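So the chains spell out like this:
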Amino acid sequence: MRLSTDQVMAMLRRPADNDTLGGRIWRARDAMGLSAKDLADRLGVRTDTISAWERDRSEPRTNRLFMLAGMLGVTPAWLIAGLGEAPKDDLSNTLTGQLRDQLAQVKKLHEQTGKAICALEMELNRVLQDIQ
């Protein structure tokens, strides 16, 4: 991915993410919804290696760092120095999904209630006709 000079300057003007490399790896993995084991399997490393990176006990080699950035949907510059766009927190998507699920459930209940009202109304009319 090539960046223009304007794009690089805009990235440099943004406040840097002050987290550590390990913290940024963890945040990006979490935003992708991956477990450490899933990421380790995809990268071809051990889960302990991912754990060591995330705890800043070791750092990935350059080739792994670039693979890691690609798999986590972030730029290598963000992983290394916190420059650029951080991964989106999935909390808003999760909340939106939960609200949509609740709305669908309420709509279904509303439809069932409407059918129950119609059935009750028909039964009442039948009983009233039998009485007369």
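Below you will find a few notes about this structure. No experiment lies behind these values; they were computed from the predicted model shown. (Residues numbered from 1 in each chain as written. Predicted model: local features only at pLDDT ≥ 70, side-chain atom pairs only at ≥ 80, totals over all residues. Heavy atoms only, no water.)

**Some points on the overall build of the chain**
Link 1 in the chain: Helix and strand counts for the chain stand at 7 helices and 0 strands.
Link 2 in the chain: The N-to-C order of helical and strand elements in the chain reads α-α-α-α-α-α-α. (Helix = DSSP H or I, 4+ residues; strand = E, 2+ residues; numbered from the N terminus.)

**Some details on the packing of helix 3 (residues 36-43) against helix 4 (residues 47-54)**
Link 1 in the chain: Relative to each other, helix 3 and helix 4 sit at 110 degrees, their axes nearing to 8 Å. Accordingly, the angle class assigned to the pair helix 3 and helix 4 is roughly perpendicular. The two elements helix 3 and helix 4 meet at a crossing, and its hand is right-handed. Contact with helix 3, carried on its side by A36, K37, L39, A40 and L43, involves T47, I50 and W53 of helix 4 and no other residues of that element.
Link 2 in the chain: Looking at side-chain class alone, the contact of helix 3 with helix 4 contains 6 nonpolar, 1 polar and 1 charged residues. (Axes fitted to C-alpha atoms, helices over the stretch in contact; angles between N-to-C directions. Parallel < 35°, antiparallel > 145°, perpendicular 65-115°, else oblique. Left-handed = near helix turned anticlockwise from the far one by under 90°. Contact = heavy atoms within 4.5 Å. Nonpolar A, V, L, I, M, F, W, Y, C, P; charged D, E, K, R; others polar.)

**Comments concerning unusual backbone geometry**
Link 1 in the chain: Here the phi dihedral of D56 falls at roughly 60 degrees; this positive angle occurs in a residue that is not glycine.
Link 2 in the chain: Examined against the element boundaries, D56 turns out to sit in the loop between helix 4 and helix 5 (62-72).
Link 3 in the chain: Owing to a relative accessible area of 41%, D56 belongs among the partly exposed residues under this scheme. (Buried < 20%, exposed > 50% of the residue type's maximum accessible area, 1.4 Å probe, protein only.)

**Observations concerning the pattern of salt bridges**
Pairing is possible between side chains of opposite charge, provided their charged atoms come close.
Link 1 in the chain: What the rule picks out here adds up to 6 salt bridges.
Link 2 in the chain: For the salt bridge of R126 with E123, the shortest nitrogen-to-oxygen distance reads 2.4 Å. Of this pair, R126 and E123 both sit in helix 7 (residues 91-131), separated by 3 residues, roughly a single helical turn.
Link 3 in the chain: Classification of R126 as partly exposed rests on a relative accessible area of 41%.
Link 4 in the chain: In this structure, R126 engages D130 in a salt bridge whose closest nitrogen and oxygen atoms are separated by 3.0 Å. One end of the pair is R126 and the other is D130, both in helix 7 and 4 residues apart, which spans about a single turn.
Link 5 in the chain: Its relative accessible area of 57% is what places D130 among the exposed residues.
Link 6 in the chain: Through salt bridges with shared partners, a single ionic network connects E123, R126 and D130. (Salt bridge = Lys/Arg side-chain N within 4 Å of Asp/Glu carboxyl O.)

**Here we look at the nonpolar core**
Link 1 in the chain: Formed by 18 residues in total, the largest nonpolar core has its most connected members in I50, L68 and L79.
Link 2 in the chain: Secondary structure elements with two or more residues in this core: helix 2 (21-32), helix 3, helix 4, helix 5 and helix 6 (76-81).
Link 3 in the chain: Residues contacting L68, with those up to four places away along its chain left out, are I25, L39, L43, W53, P60 and L79. (Core = buried A, V, L, I, M, F, W, Y, C linked by side-chain atoms within 4.5 Å.)

**Here's the deal with the side chain of R24**
Link 1 in the chain: Of note, R24 is situated in helix 2.
Link 2 in the chain: In this structure R24 comes out as buried when scored by relative accessible area, which is 3%.
Link 3 in the chain: Within the structure, R24 has its side chain in polar contact with the backbone oxygen of I80 (distance 2.9 Å). (Polar contact = N/O pair within 3.5 Å; in protein donor to acceptor, adjacent residues only side chain to side chain.)

**Re helix 3**
Since the α-helix advances by 3.6 residues per turn, residues separated by three or four positions end up pointing in the same direction.
Link 1 in the chain: Restricting attention to buried positions, one finds in helix 3 the residues A36, L39, A40 and L43. The buried residues of helix 3 occupy an angular sector of 100 degrees when the element is viewed end-on, so they sit on one face.
Link 2 in the chain: Buried-residue contacts for helix 3 involve helix 2, helix 4 and helix 5.
Link 3 in the chain: Just downstream of helix 3, G44 is the residue with a positive phi angle, here 80 degrees. (Arc of directions from axis to C-beta.)

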